Amino acid sequence: MNSDYSIVLAGGGGRTVWGLSLLRELDLLQPQEWAGVSAGAAMAVFAASGRAEAVMDFFLAAAERNHANVHWGAWARGGRLFPHEGIYRATLAHALAEGGFQALQQAPPVRVLLAWMEPGHPKVRRAAAALREYGQRKKAGIIHGPDAPPLGLGYEVFTCQDAADAGEVVDRIIDTSATWPVTRLRKADGRTYVDGGLVENVPVRALSPAAQAGKVIVLLSRPTPTPPPSATRLYLAPQGPLPLPKWDYTSPDKLRATEALGRAAGQQHRATIERFLQA
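Residue numbers restart at each chain and count upward from 1, following the sequence in its written direction. Where local features are concerned, this predicted model is filtered to residues with pLDDT of at least 70; where side-chain atom pairs are given and counted, the filter is 80 or more; whole-chain, interface and lining totals use all residues. As a convention, hydrogens and water are excluded, and side-chain values are obtained from all of the structure's heavy atoms.

**Quick word on the overall build of the chain**
1) Next: Within the chain, the regular secondary structure consists of 10 helices and eight strands.
2) Next: The C-alpha radius of gyration of the chain comes to 18 Å, within 12% of the 19 Å expected for a compact globule of 279 residues.
3) Next: In terms of its C-alpha atoms, the chain occupies a principal-axis envelope of roughly 60 × 40 × 40 Å.
4) Next: Burial here depends on accessible area, computed with a 1.4 Å probe over protein chains only, as a share of the maximum for the residue type. Under 20% is buried, over 50% is exposed, and the range in between is partly exposed. Taken across its 279 residues, the chain has 54% of its residues classed as buried.
5) Next: Contacts are residue-level and defined by heavy atoms, with any inter-residue pair within 4.5 Å sufficient. Put simply, 76% of the contacts in the chain that link residues at least 6 apart link residues at least 24 apart. Helix numbering and strand numbering both begin at the N terminus, where a helix is a DSSP run of H or I of at least 4 residues and a strand a DSSP run of E of at least 2. What the globule rule says is 2.2 Å times the number of residues to the power 0.38, and the radius of gyration is computed from C-alpha atoms.

**A few points about unusual backbone geometry**
Trans is the prevailing form of peptide bonds, just as negative phi is the prevailing case for residues other than glycine.
1) Next: The amide bond that connects Trp180 to the next residue, Pro181, takes the cis arrangement and shows omega of 5°.
2) Next: By the element assignment, Pro181 lies in the loop between helix 8 (166–176) and strand 5 (187–188).
3) Next: Its identity is not glycine, yet Asp27 carries a phi of approximately 55°, on the positive side.
4) Next: Assignment of secondary structure puts Asp27 in the loop between helix 1 (17–26) and strand 2 (33–36).
5) Next: Of the residues examined, Asp27 reaches a relative accessible area of 61% and is grouped as exposed.
6) Next: A positive phi is found at Asp189, a non-glycine position, where the angle reads about 55°.
7) Next: Position of Asp189 relative to the elements: it lies in the loop between strand 5 and strand 6 (191–194).
8) Next: Residue classification places Asp189 among the exposed residues on the basis of a relative accessible area of 78%.

**As for the packing of helix 2 (residues 39–48) against helix 8**
1) Next: Axes here refer to lines fitted to C-alpha atoms; in helices the fit is confined to the stretch in contact. Angles between the N-to-C directions go from 0 to 180 degrees. Taken N-terminus to C-terminus, the directions of helix 2 and helix 8 make an angle of 150°; their axes are 8 Å apart at the nearest point. What the angle tells us is that helix 2 and helix 8 run roughly antiparallel. Contact residues: helix 2 offers Ala41, Ala42 and Val45, while helix 8 offers Val169, Ile173 and Thr176. Orientation categories follow fixed angle ranges, with anything under 35 degrees roughly parallel, anything over 145 roughly antiparallel, 65 to 115 roughly perpendicular, and all other angles oblique.

**What to know about the layout of surface pockets**
The gaps left among the atoms become clear once a water-sized probe is rolled over them.
1) Next: Method remark: on a 1 Å grid restricted to protein atoms, a set of points is classed as a cavity if a 1.4 Å probe fits but cannot get out and as a pocket if it is open with protein on both sides within 12 Å along at least five of seven lines; lining residues have an atom within 4 Å of a point. Grid points are joined across faces, edges and corners, and a volume is the space filled by probe spheres set on the points. Taken as a whole, the largest pocket holds about 600 Å³ of empty space.
2) Next: Lining the largest pocket are 24 residues, with Leu131, Ala178, Thr179, Trp180 and Leu198 positioned closest to its centre.
3) Next: Of all the elements in the fold, those that place two or more residues in the lining of the largest pocket are helix 7 (123–140) and strand 6.
4) Next: In terms of residue count, the dominant contributor to the lining of the largest pocket is helix 7 (seven residues).
5) Next: Three classes are used: nonpolar for Ala, Val, Leu, Ile, Met, Phe, Trp, Tyr, Cys and Pro, charged for Asp, Glu, Lys and Arg, and polar for all others, with Gly counted as polar. Residues that form the lining of the largest pocket fall into these classes: 12 nonpolar, seven polar and five charged.

**Quick notes on the side chain of Arg205**
1) Next: Counting through the fold element by element, Arg205 comes out in the loop between strand 6 and helix 9 (209–213).
2) Next: Here a polar contact is taken to be a pair of N or O atoms separated by no more than 3.5 Å, where protein atoms must pair a possible hydrogen donor with a possible acceptor and residues adjacent in sequence count only if both atoms sit in side chains. At 3.4 Å, the side chain of Arg205 and the backbone oxygen of Asp147 are in polar contact.
3) Next: Looking at Arg205, its side chain comes within polar contact range of the side chain of Glu200, at 3.1 Å.
4) Next: If sequence neighbours within four positions are ignored, Arg205 has contacts with Leu113, Gly145, Pro146, Asp147, Tyr155, Val199, Glu200 and Gln212.

**Considering the environment of Ser21**
1) Next: Relative to the helices and strands, Ser21 is located in helix 1.
2) Next: C-alpha separation for the pair Ser21 and Gly262, spaced 241 residues apart in sequence, amounts to 4.9 Å.
3) Next: Contact partners of Ser21, with chain neighbours within four places excluded, come to Glu259, Gly262 and Arg263.

**A closer look at the packing of helix 2 against helix 5 (residues 84–95)**
Two numbers describe a pair of packed helices, the interaxial angle and the distance between the axes.
1) Next: Helix 5 packs onto helix 2 with a crossing angle of 25° between their chain directions and a minimal axis gap of 10 Å. On the basis of their axis angle, the class for helix 2 and helix 5 is roughly parallel. Note on packing geometry: the crossing formed by helix 2 with helix 5 is left-handed. Across from Ala39, Ala42 and Phe46 in helix 2, the residues of helix 5 making contact are Tyr88, Thr91, Leu92 and Ala95. Crossing handedness: left-handed means the near helix sits turned counterclockwise from the far one by under a right angle, and right-handed means the same turn made clockwise.

**Let's talk about the side chain of Thr192**
1) Next: Take Thr192: it is sitting in strand 6.
2) Next: Beyond its immediate sequence surroundings of up to four residues, Thr192 is in contact with Ala115, Trp116, Met117, Lys123, Leu185, Arg186 and Lys187.

**Here's the deal with empty space enclosed by the protein**
1) Next: Inspection of every chain in the model, using the stated rule, returns two cavities of 30 Å³ or more.
2) Next: Roughly 240 Å³ of internal volume is contained in the largest cavity.
3) Next: Along the wall of the largest cavity there are 21 residues; nearest its centre are Gly13, Gly14, Met43, Phe59 and Tyr249.
4) Next: Among the secondary structure elements, those contributing two or more residues to the lining of the largest cavity are helix 2, helix 3 (52–65) and helix 5.

Quick look at the structure:
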C-alpha cells in the first residue's frame, strides 16, 4: 500500500489496542503523519518506534504481575492507590528504549493533542463540565469535539519528534492521558494537564493542515456509527464492545482478545482500505 495517507487514533485506554492491531495486521505503519490523543497517542508512539511487539509483550507481563486495579494495601502504607501510572510510564519507557527513541525521531511526525485547565478557572467544576459534555457527545454518537474547547480548557499539539529526550515523550503521553485519580494531573508552565479527550477524542485537528487535506484513516476505539467513506476520510470502528475495559491493567487474556479482534478487523476491512488508498 502507498504511504500517501495519515492515521488518527482515538483515545480509549486499553481499547486502543484494537486500532494498533488492525494497523499491524495490514502493515499500515508508515503514514505521512500520525495523530493521537490519550492512549491513542501512546499507540502511535509504539508503532512509530518500531517496538509495538516488544511493548505488547512487556505490558502483558506487567498485567500478569499486577494483582488488582486498586492497591488498597499499598495506599494504606503511603503508596499509590492505583498502579496504572507506574505501569503506563514503564511501558512507554520500554517502547523508547533499545533504539526506540532514535527510531521515533526518524519516523513520520507523531502529533499529540494535549488539553489543559486555564488558570483562574475552578478546576473541579470546569473538569466536571467538560466530562459531562464529552459524555453527552458520546451518548449522541457525535464523533468529534466542538471547534472551540469547553470553557476553562485550552489545548495544544505536541510533535514527538520535537522532544529533547525520551523522558519528554513519556511526560507528554502521560499528560494527554491524565485521568485523576487513576493518574496524577501534571503541572507544567502554569498549566494543569487533563485527558486530551475532553477537548477532542478523535483528534484529526492535531494533524498538519496539509495532512488534514489528504487521505486520513481514523480508527475509533468503541462501536460508533461512522460516516461513509469519502475521497479523503475513512472511519473504522469496532463492531461490538471490546473485551478490555479502559483502565484494566490486570487482564492479559482480555488484551490478547482485543488484539485478536483488531487483527480480524484488519482482514475484514483490507479491501475497503485498499480501495480508499488507491482511489
